[in-house]
Amino acid sequence: MNVGYFAVGIGPLAEATWVRAVAVNAERLGFSTVWAPEHVVLLEKYASKYPYSAGEFPMPVETPFADPFTTLAYVAACTSRVKLATGICLGPEHNPLVLAKTVATLDRLSGGRFILGVGIGWLAEEFQALGLSFERRAQRTREYIDVMRKLWAEPRSSHDGEFVKFGDVLSYPKPANNRGVPVWFGGESGPALRRVAEYGDGWIGFKVPPAEAGAKVRRIEELLAANNRRRADVTLAVSPYTDPITPDDLTRYRDAGVEEVALLLRGRPRNEAEIIAGLEQLARDFVEPAARL
């Protein structure tokens, strides 16, 4: 069982000294992954419902949300082993050719440590501000992932789809393994789990308590079988998000089939020393017990 840290790039953790403190100490303490979320813009007034806290966004909309790729590149420069992941990147908000280059560059610079966590988004008003269709975001995501996988793997690529058309382009550098980057999908709904089973390399479920993890994993396994894929084809991770868990819950997650649990730091650290102390407490409570499972 692995334990990841969620997340850098929000609030004070958008500042360089705080990001470095998390990166260096998360690696020292044995955390498997450092996660970074994404919002391009937030809005003071919106009708969309945030899926994880009764519809309301759980922090002030003026909260800094750093670009996750720039932030994780900084984490990569501070570390040598810990994995880096977007949790999650709003895939349909990006130009896929630009995103493919950004992801490949980050993966290359980090020595192949990057995981592209992708979601289709929940904030319709953010899509409107970017001039994009909210209604077709799932279809856009599917095509964008197909495009990026071509650009990562092929020496020369062409594509003729609903959202993207290009011919005979070259995109370099390639990812570190010269093939691709793992794509994990976020989301807990039926369509989200189908995305994982149909064309994902992994899943990151948010606000998934131990009692619900088994049902989600079984559903993914059913969908994998229906798509002629193996359970070994995907990695399954969850985050309890803001809900507290105990060290004993790690066993429940493991028994449900979960391979990584991404944990938030409880409370609001005021300085670097408090961040390090919080990470050390998480390591004692969860990272060390998880390593023994």
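This text goes with the structure placed above it.
None of these values were measured; they are calculated from a predicted model.

### What about the overall build of the protein?
No. 1: A tally of helices and strands in the protein yields nine helices and eleven strands.
No. 2: Relative to the compact-globule value of 19 Å for 293 residues, the protein shows a C-alpha radius of gyration of 18 Å, a close match.
No. 3: Each principal axis of the C-alpha distribution contributes one length, and for the protein these read about 55 × 40 × 40 Å.
No. 4: Burial analysis of the protein (293 residues in total) assigns 53% to the buried set.
No. 5: Long-range contacts, defined here as pairs at least 24 residues apart, represent 70% of the contacts in the protein between residues at least 6 apart.
No. 6: Surface summary for the protein: the accessible area is close to 13,200 Å², and the carbon and sulfur share equals 50%.
No. 7: In the protein, 35 side chains carry a positive charge and 36 a negative one; their mean positions are 4 Å apart.

### Regarding the nonpolar core
No. 1: The biggest cluster of nonpolar side chains holds 70 residues, and the ones touching the most others in it are Tyr-5, Phe-31, Phe-114, Leu-116, Trp-152 and Val-261.
No. 2: The greatest single-element share of this core, amounting to seven residues, is contributed by helix α9 (residues 272–291).
No. 3: Once residues lying within four places of it in the same chain are set aside, the contact partners of Tyr-5 are Leu-13, Val-22, Phe-31, Thr-33, Val-34, Trp-35, Leu-263, Leu-265, Leu-279 and Leu-282.
No. 4: In this structure, Tyr-50, Ala-85, Trp-184 and Phe-206 belong to the second largest nonpolar core, which totals 20 residues.

### Remarks on unusual backbone geometry
No. 1: The omega torsion of the bond from Gly-87 to Ile-88 falls at 0°, within 30 degrees of zero and hence cis.
No. 2: Among the structural elements, Ile-88 can be located in the loop between β3 (83–86) and β4 (89–90).
No. 3: With an omega of 5°, the peptide bond running from Tyr-172 to Pro-173 counts as cis.
No. 4: Despite not being glycine, Tyr-241 shows a phi value in the positive range, around 65°.
No. 5: Its location among the elements puts Tyr-241 in the loop between β10 (235–239) and α8 (247–256).
No. 6: Looking at Tyr-241, the relative accessible area reads 11%, which means it is buried.

About the cut-offs
- Residues numbered from 1 in each chain as written.
- Predicted model: local features only at pLDDT ≥ 70, side-chain atom pairs only at ≥ 80, totals over all residues.
- Heavy atoms only, no water.
- Helix = DSSP H or I, 4+ residues; strand = E, 2+ residues; numbered from the N terminus.
- Rg over C-alpha atoms; globule rule 2.2 N^0.38 Å.
- Buried < 20%, exposed > 50% of the residue type's maximum accessible area, 1.4 Å probe, protein only.
- Contact = heavy atoms within 4.5 Å.
- Areas by Shrake-Rupley, 256 points an atom, 1.4 Å probe, with all protein chains shown as cover.
- Lys, Arg positive; Asp, Glu negative; His and termini not counted.
- Charge placed at Lys NZ, Arg CZ, Asp CG, Glu CD.
- Core = buried A, V, L, I, M, F, W, Y, C linked by side-chain atoms within 4.5 Å.

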